[in-house]
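Chains, contacts and geometry: an overview
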Amino acid sequence: MTITLLSKPACVQCTATQRKLDGEELTYDKEDIYEEANLAIVAELGYKAAPVVLVRDADGSIIDHWAGFNPAKISELASAAEAA
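Reference entry: report on the structure contained in this document. (Residues numbered from 1 in each chain as written. Predicted model: local features only at pLDDT ≥ 70, side-chain atom pairs only at ≥ 80, totals over all residues. Heavy atoms only, no water.)

Let's shift gears to the environment of Ala-16. Structurally, Ala-16 is set in helix 1 (residues 12-23). Exposure remark for Ala-16: the relative accessible area of 23% places this residue in the partly exposed category. Considering only alpha carbons, one finds Ala-16 and Gly-68, 52 residues apart in sequence, at a separation of 9.4 Å. (Helix = DSSP H or I, 4+ residues; strand = E, 2+ residues; numbered from the N terminus. Buried < 20%, exposed > 50% of the residue type's maximum accessible area, 1.4 Å probe, protein only.)

Set out below in C-alpha cells:
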C-alpha cells in the first residue's frame with residue numbers, strides 16, 4: 001500500500017492531513033496537486049477541493065481515495081498498515 005497526498009500551498013486542510021499522517025507514522029509521498037498528471041487524476045475522480053489522498057495497492061492501482069481532511073480515514077489506514 002502506498003499513500004500519496006496531493007496538496008497545494010497555504011491549504012489548512014492539506015496541513016491538517018499531513019500532520020495526521022505524520023502523527024499516525026504513515027509513510028506517504030506529498031505531491032503538488034497542480035502538476036498536470038495530478039490535475040488529471042483529481043478531475044477523473046471528480047474532486048474540486050484539496051487535499052486529495054490516494055491509496056494504491058502493490059500494482060499501483062488506486063484502491064481508495066478521498067478529498068479534504070478526514071482523520072477517520074487516516075486512522076483506518078494506520079490500522080490497516082499496522083495489521084499488515
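With that settled, the discussion passes to the pairing of strand 1 (residues 2-7). Side-chain direction in a regular strand flips from residue to residue, so the side chains alternate between the two faces of the sheet. Extensive coverage of strand 1 is indicated by the burial of five of its six residues. One ladder, built from five bridges, connects strand 1 with strand 3 (residues 52-56); its direction is antiparallel. Following the sheet pairing, Leu-6 is matched in strand 3 by Val-52. Note: strand 1 against strand 2 (residues 29-32), four bridges, orientation parallel. For Ser-7, the partnering residue across the bridge sits in strand 2 and is Asp-32. (Pairing = 2+ DSSP bridges.)

Right, let's get into the state of the cysteines. All told, the structure shown has one disulfide when counted by the stated rule. Sulfur-sulfur distance for the disulfide between Cys-11 and Cys-14 comes to 2.4 Å. Taking the torsion about the sulfur-sulfur bond, which here is approximately 75°, the covalent link between Cys-11 and Cys-14 counts as right-handed. A relative accessible area of 3% places Cys-14 in the buried class. (Disulfide = S-S within 2.5 Å.)

Remark on secondary structure: sheet strands pair via backbone hydrogen bonds, oriented parallel or antiparallel. Pairing in this open sheet of four strands is mixed, and the strands run 2-1-3-4 from one edge to the other. Each edge of the open sheet is held by one strand with a lone partner, namely strand 2 and strand 4 (62-67). Each neighbouring strand pair of the sheet contributes to a mean axis angle of 20°, computed without reference to strand direction. In the sheet, strand 3 pairs with strand 4 via five bridges, with the strands oriented antiparallel. Of the residues in strand 4, the one forming a bridge with Val-53 is Trp-66. Along the sheet, helix 1 contacts strand 1, strand 2 and strand 3; its crossing angle with strand 1, the most-contacted strand, is approximately 155°. The strands touched by helix 2 (residues 36-45) within the sheet are strand 1, strand 2, strand 3 and strand 4, with strand 3 carrying the most contacts at an inclination of about 90°. (Axes fitted to C-alpha atoms, helices over the stretch in contact; angles between N-to-C directions. Contact = heavy atoms within 4.5 Å.)

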